[in-house]
Each structure stands twice: as structure tokens, then as C-alpha cells.
Amino acid sequence: MSLDQTLRSHIQQAVSALFNQNVEALQIQPTNQEFEGSHTLVCFPLTKISRKKPEETAEAIGRYLVEESSIVERFNVVKGFLNLVLSEKVWIETLQSIFANPSYGHLPSNGQEIMVEYSSPNTNKPLHLGHLRNNFLGWSVAEIHKAAGYQVHKVQIINDRGIHICKSMAAWSLYGDGETPQSSAMKGDHLVGKYYVEFEKVITAQANALLSKWETGNFDGIAEDIRQKYQKLNDKLSSAKNEEAKKEVSSEIKDLARSVTPIMKLASEMLRKWEQKDPATIDLWKTMNGWVYEGFQETYNKMGVDFDKLYYESDTYLLGKEEVLKGVESAVFFKKEDGSVWVDLTADGLDQKVLLRSDGTSVYMTQDIGTAILRFRDFPKITGQIYTVGNEQEYHFKVLFLILGKLGFDWAKRCYHLSYGMVDLPTGKMKSREGTVVDADDLIAEMVEEAEKQTRELGKVDELTPNEAKELFRMIGLGALKFFLLKVDPKKRMLFDPNESIQLQGFTGPFIQYTHARIRAILRKAESMNLRVSDTDLASAASLTAGEIEVIQVLSQFENKVREATKDYSPAVVANFVYDLAKTYNQFYQNIPIFNESDATKLKVRVALSRAVADAIKKAMNLLGIQVPERM
RNA sequence: GGUCCGAUAGCUCAACUGGAUAGAGCAACAGCCUUCUAAGCUGUAGGUUCGGGGUUCGAGUCCCUGUCGGAUCACCA
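Residues numbered from 1 in each chain as written. Chains lettered and ligands numbered in written order. Predicted model: local features only at pLDDT ≥ 70, side-chain atom pairs only at ≥ 80, totals over all residues. Heavy atoms only, no water.

K.L.:
I keep staring at the pairing of strand β9 (residues 341-344) and nothing clicks. Help me out?
P.N.:
Regular strands have side chains that alternate between both faces of the sheet. Burial along β9 is one-sided: V341 and V343 are buried, and none of W342 and D344, which face the opposite way, are. As paired elements, strand β8 (residues 334-335) and β9 share two bridges and run antiparallel to each other. Each residue of the ladder has a partner; that of F334, found in β9, is W342. In this antiparallel pair of consecutive strands, β8 and β9, the connection spans five residues, and G339 shows a positive phi of 95 degrees. (Buried < 20%, exposed > 50% of the residue type's maximum accessible area, 1.4 Å probe, protein only. Helix = DSSP H or I, 4+ residues; strand = E, 2+ residues; numbered from the N terminus. Pairing = 2+ DSSP bridges.)

K.L.:
Is there a simple way to explain the packing of aromatic side chains in this structure?
P.N.:
Working definition: an aromatic ring pair is given by the centre-to-centre distance plus the angle between the planes. Following the criterion strictly, the structure yields 25 aromatic pairs and no others. For the pair W274 and W285, a centre-to-centre distance of 5.2 Å together with 65 degrees between the ring planes defines the contact as edge-to-face. On the criterion of sequence distance, the pair formed by W274 in helix α11 (residues 262-275) and W285 in helix α12 (residues 279-303) is long-range, its members being eleven residues apart. The same class applies to W274 and to W285, which are both buried. Between F484 and F496, the ring centres sit 5.8 Å apart and the planes meet at 75 degrees, which makes this aromatic pair edge-to-face. With a gap of twelve residues between them, F484 in helix α17 (residues 466-486) and F496 in the loop between β14 (494-495) and α18 (509-528) connect regions that are remote in the sequence. Through successive ring pairs, a cluster of aromatic residues spans Y118, F296, Y300 and F307. Residue placement shows R375 over the ring face of Y311; its charged tip is 5.0 Å from the ring centre. (Phe/Tyr/Trp six-rings, centres within 6.5 Å; stacked < 30°, edge-to-face > 60°. Lys NZ or Arg CZ within 6 Å of the ring centre and 35° of its normal.)

K.L.:
When you look at the sheet that holds strand β3 (residues 72-78) in this model, what are you seeing that I'm missing?
P.N.:
Within a sheet, adjacent strands bond to each other through the backbone by hydrogen bonds, running parallel or antiparallel. Overall, antiparallel pairing links the four strands, which are arranged β1-β2-β4-β3 in an open sheet. Both outer strands of the open sheet, β1 (28-30) and β3, are each paired with one neighbouring strand and no more. For this sheet, the mean inter-axis angle between neighbouring strands, taken without regard to orientation, is 30 degrees. Where β1 lies against strand β2 (residues 39-42), three bridges are found, and the strand directions are antiparallel. (Axes fitted to C-alpha atoms, helices over the stretch in contact; angles between N-to-C directions.)

Limitation: the analysis is restricted to geometry and does not speak to function.
This is the structure:
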């Protein structure tokens, strides 16, 4: 039983003995720094039972605990708050049990199996800052669940199908001149991204050319219905009342022009051929996607992110279509006159939603239905699925889960959308069209460079081999980046300023990595002095300093924090915990020179405490995907 | 317009889900390296928790209302 649980049961016993009633919910919180004690019982809620003033209630419980409980040494009462001072023996025992438990911080298996999805990029452009938050978050939530006793499958769905990849294919086939990642020495995903940008450039130029022709009444080679649509919109434009309405109509006109540009026609043609399994098109698609996968894999490796299984949209969208058609038969969905298939969610307070286009092709929702069903077929034992996807898709997932429920899948209610906020730049949102995207590869490289620069300035590379130094820079740079992105509550949008490089001091990954490295130095010294600590050494310890107790107290919260992080799907809980632990340890470290201690037992307690902290830091940081160095 | 999020120190974020005098880091200022790593530690200064009501022993947290910012409501993904 953990210290907190023990204390809780002792207080419950006290309450029932004193007031003849059992209480389940007790409010126990850490004691404020300014008062003596470690745990505080909030007594206001108990006054109903005690029928006494808060102070008297607290006083009574405090006195009972000191007399009857073996763990409470003394107490003080401030207003309705009962501050408890636990005996040193209890703290020593707590340290002892943490020290003796090599898997401290990891909870025993709970027999549950879940799936976590993250990343899931489109295959037409490289990964960017937003993907970094997504990947780090999803990966970490998966690891945290493992620590909480779940069996976890890490997966992603790769959006390899659709018009977006055809756009890159179209641009490449027109202007690529056979360029490959090998021939250009460019990462595959960046190369494909280059042609996606090229496509955008060309389509904009072509659309503008068309528009200026149309304005002069020249409609050569333009279908009659397009011409009519254009003229209708044009009339609407001249009669638009305000600026906003004008803007809207003129963007509709632009879209119309874009849709009939030669390059757009080529891309659509490719999509059609792809669906008909035209060999040449499929070949090109496979080749270009292959380049992207290679590039992605390189980035994932750099990021330290991995997957147990990959799903491809090209494999799942047909299943989705099948299931939707089944849904039509069972009257869960309905078909409109033009052949499109819809679901009616008005009873759930939402709208009608299209599931299959009138030409029978799939939409985004269709493939997600297929993917979800396929996953539960592949892993029949999973009790839940977590989708790590940005909060702009909250509506989509609400609808998806509703639909799955309507199709009769009981597991639909165990699907969870782990929704996170955007990463904003000081200039606002990242927009690929405006070139304000922060590229993932570039950012990682910059972080590692910054880590190298600062490490060299501090003169810490002298004793390292070139390889060790390189590895250290990578560890620090990436650690800083991951910690920066994970320390913030996932639900909240966050700001990233690329001009202001990420700090390596203060509430940062490197601060914690540094604390770990310092402790390792102490442990190496202990080792060299042949100082070995065993459980029994700790048992014979008699006293602790206030600083040591504080560290043990923070340390003893580790497993609670893992539970909380799991419940909230929040690596930020772990990040805050490990920072708190490092900070508390540093205070202890600064005040008490460990090897100055002449009492052998006390010295061993300090070494044991240091080792327990280093181990906990390492485990907690690993839950965030951050490695910690032996020296830095 | 409907729905959903958010607003806390100059900046970036916390606050154990209703508890004590709202805490950290950065930036600013002042200290601490002959001892285990100063990427550290200690101080000082910085707040009408967006405004206004309400609920109660107690509100940054819950309710109502207003302001501002964002997302979403496609036969796009």
C-alpha cells in the first residue's frame, strides 16, 4: 500500500471512531510550503459529520492520529486545515520500498489492450511542426498507457489515396524530367512536396490566365455549363452588397477556374485511372509514395517515434464503402435520388452527412469507418482506441463515433478522440501556401545545432569522443524540443516562436537531463568508493533532513502521476512531475554535500535517494520519449 | 447565425478537478563556483486570474451575461 493510501485509511479510521460515521471522500493535499507538515486534511467538508467548528474538528482528528496512528508524529491546525507531520520512519520506509522496487513507476498489468493512432500524414508533403506535436503526443500517451499496465498497439493510417497525391503526380509527370531522390539528393518526402508546391503554382497561373480570358468574353474550349456557372457567379459578384460577400463569390469564381485548368484535369484524370487500376498510374503512384515513405521513415527515426502496425487508406476505403452499403440495406443510412448515400444525425443534434458521393466514390468519413472496423477485426481484444488528431476535427470524430454506434458496433463508445490544439507561430497559423510552415527536419536539425553550440560554449565536450559528443547533441536538442511540445496541456493551443530558439535552461528538457547526469556522476563516485547500498542499510537509518523528506515526498507521487496522466491523456502531467522532482532534488543537492557526511548510514541514505531519483527521472523522461545522458 | 474550445505576471505555461496569502520558467535586478558537474542554487520585483452579476464556510475553477480570440458546421482530407 502506498503512503498516501495508508494515511487515508488511518484518517478514515479516526473519523469513524470520533464521529461514528464512515467517509469515503477525504480531501488530502500537499501542505503549503509555509506550514510545517507534508499532508493536509481539509476539514470543512467534515463539519457536517462532526457537528463541530472546522478548527475543533481538525484538532480532534489530529489528536486521535497522533495517539493511534503509527505514522503521524505531530500536527498543527490553521483555520480548517489539519497539517500533518509524518514520522521519519515512515519516510525511510517509503524510500526503502521505492529503492527496492526496480519497476517503480510502472504499474502491474491490468489485462486491458488498447490501440493508439497518431501521425497519419498525407503523402504529398513533408512533416511539419504540427506533426511533431501530434507524434510526440501520441507516442507518449501510448507509453504512458503501457506504464499504467495496458498492452498497447501503436498505429497510423497513411492517407495514400486521393486527389492530393495525384496533384504531386501530375506536376511531376509534367515537369519532373525523371527527377528522383537519388538524382537530386533530396529526401523523398521533400521531393514530392516540391512537386505539390509546383502544382499549386501552375494551377494558380493557369486559373488566372483563364479568368482574364473569361473577363474579355473569350470562352474558347470551355464547356457550356462552366460558362453559365461563371456568368451566374459574375452577376452575383456585381450585385454583392458588402466586401465579405464579394470575397466569398470571387473565391467561388477562382475555384471554378481552378477546377477546369489543364493541370487539374490531369490530376483528376489520374485519380480516375488510379481507381480503375491503370498499371502506369499505379506504378507512378507506388514510386512516388515509396519516396515519401522513405523520407518519412528517416524523419521518424530522427524523432524516435515508431509504430507497431501501419494502415493504408488505399486498403481500407473499400471496406468502408462495403460497410456503408450494408448500412443502406439495414436502413441505417439512406440514398438520395442522385445515388449519394447519407446518414441522418438530426436526432443527435447534428446535420445530415454524406458517406458516398453520387458517383459512388468514398469520402474521408467512409475510409475512417472502414479503418475502425478493420482494426477491431485485426485486434478483437482491444477495449479501446485513441485517435490523436487535431481539434479542428472534433466534429468529424463525433460523427464517426455516432455512425459506428448506429452500425451496431458496441466498441464505438470506447473510441476516444485525443484532441489537441494547434501550434501557432507569432505570425498566426501555419499556412503552406504562404510558406510559413516550420519543417520538421529543419527544426530538429536546428535544435541539435543549438544544443551543440551551447554545449561547446560551456566547454563540456573535451572528455567525449566525437561520436559521444554527436549523440549528446542529438539527445539534448531533441529532448528540448520534445519537452517543449509536451509540457503544455494537449488541449491547449500553444505558441512557437522559431526566431527565439528553444531555451535549454529552466523548465526544459535539458535541465532535467542535466540533473540526471549530475546524479550519475555521484553514483559513479560512490561506485568508485566501493559504496554499495542494500535495503537493510536503509532500514537501520534513523533520521532524515527536511530536504531529503521533500525529495522522497515528490518521488512518492510518481505512480499517482502516471495514473493521472493516463486518465487525462496528458504527458504534460508527467512533464510537470519530472520537472518538480528534478527541481526539488537540485535544492537538496545544492544545500547538502553528499560525501561530506561522516555517518555511514546517512551517507548511504543519500546515495540511495539519489539513485532512486535518477531512476525515476529516466523512466519519466522515457515516457515522454526523451533520453537522458550519463554525462553532459 | 448554430455548436465547441480558450482568455491567469511583460512573455511562455502551472494550479492535485471547489480549498490556505494564485505558483514555475524566461526576461530584469542583486548574490553564490578551491568541495559531488553553475545547463545549477538563493533572493528582489512583477497579479483587479478579460468585464459584470450569482451560487457557499470558501470561486481562477461551478452557473448566468457581456467582450475578445480560435476551431467547426463541404459530394476536401
